[in-house]
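As a plain string of letters, each chain reads:
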Amino acid sequence: MSWEADPHAPAALRRLDLLVAGVRAGRGGAVAVTGEPGGGKTALLARLATRVPGMTVLTAAGVAGEAALPYAALGDLLRPLRDRIAQLPPPQARAMGAALALRAGDLNPYHVCLSTLNLLCTAAPVLVVVDDMDLIDPPSATALFFVARRVRSAGVGMIFAARQKPDVPGVEELPLGEPAEVLDGLTQRETQVVRAIAGGLSNPEAALALRLSRKTIETHLSSAYRKLGVRSRTQLVRYLVEAGISR
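This structure is a prediction, so every number in the text was calculated from the model and none was measured.

> Which residues make up the packing of aromatic side chains, and what values go with them?
For the structure on display, the rule yields 2 aromatic pairs. On the basis of an interplanar angle of 85 degrees and a centroid distance of 6.1 Å, the ring pair of Tyr110 and Phe146 is categorised as edge-to-face. A residue pair is termed long-range when its members are at least 10 positions apart, and Tyr110 in helix α5 (residues 109-122) and Phe146 in helix α6 (residues 138-148) qualify at 36 residues. On the accessibility criterion, Tyr110 (48% relative accessible area) is partly exposed. In this structure Phe146 comes out as buried when scored by relative accessible area, which is 8%. Plain terms: the ring middles of Phe145 and Phe160 are 5.5 Å apart, the flat faces sit at 90 degrees to each other, and that makes the pair edge-to-face. Of this pair, Phe145 sits in helix α6 while Phe160 sits in strand β4 (residues 156-162), and the two are 15 residues apart along the sequence. Classification of Phe145 by relative accessible area gives buried; the value is 16%. Cation over ring: Arg150 sits above Phe146, and NZ or CZ is 3.7 Å from the ring centre.

Written as structure tokens, this is what we have:
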């Protein structure tokens, strides 16, 4: 669903919809979704992923324990495109193969950056989504920021979720609000689940967004329903609206 067909979508989601529309038309761009933990960045990205049918979406997420592993995040992101590495110019193919531990050889960081750009361009229209960008390994960040500065005329969209905007020219900032307050009577986790579901995510999408199992989502949602005195998603949304609580 496009932003034009969904005027009730949050402003931040509509902005990302515009980025996607540009990518489909061959105009790339990069956006940094910023905000403190709990501010809704991950949920926003999960909701966006449900609105881009027919487009290749490549994802990765920063992990504190892997920040010291060079190209760990890039390897996760480019895994679906590995079969295209052989089509790159030989110096780039060798460098990317070495970066992703697919072959032995010299690792030239500039060649890795170029090969990342070329791989993504061959997959266009493509959306690159990186959550917890603050935590990814520096070599991967360097390659992705290299690409972000060079995709204006390509069908490549890049979305980085981070606490602060990276100091990279050409990356637009999309700040989110302060972390949502805990709803009266609910735990913090129940509040997060309720807001994700009321915001339009299915249980599996909420599980992905909050990095929980589906069973855990169902458990927290059932508990929240009981505490709030509602029995369905429709009643949940009505409860939040009548209480003047933002979703």
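> Can you lay out the pairing of strand β3 (residues 126-131) for me, pointing to particular residues and giving the numbers?
For β3, a buried count of 6 out of 6 residues is recorded, marking the element as mostly surrounded by other parts of the structure. Side-chain alternation along β3 places Val126, Val128 and Val130 on one buried face and Leu127, Val129 and Asp131 on a second face that is also buried. Sheet topology note: the strand β2 (residues 56-61)/β3 ladder contains 6 bridges and is parallel. Residue Ala61 lies in a different strand from β3, and its bridge partner there is Asp131. As a crossover connection, the stretch from β3 through α6 into β4 is right-handed.

What counts, and where the lines are drawn
Residues numbered from 1 in each chain as written. Predicted model: local features only at pLDDT ≥ 70, side-chain atom pairs only at ≥ 80, totals over all residues. Heavy atoms only, no water. Phe/Tyr/Trp six-rings, centres within 6.5 Å; stacked < 30°, edge-to-face > 60°. Helix = DSSP H or I, 4+ residues; strand = E, 2+ residues; numbered from the N terminus. Buried < 20%, exposed > 50% of the residue type's maximum accessible area, 1.4 Å probe, protein only. Lys NZ or Arg CZ within 6 Å of the ring centre and 35° of its normal. Pairing = 2+ DSSP bridges. Right-handed = clockwise from strand over helix to strand, strands pointing away.

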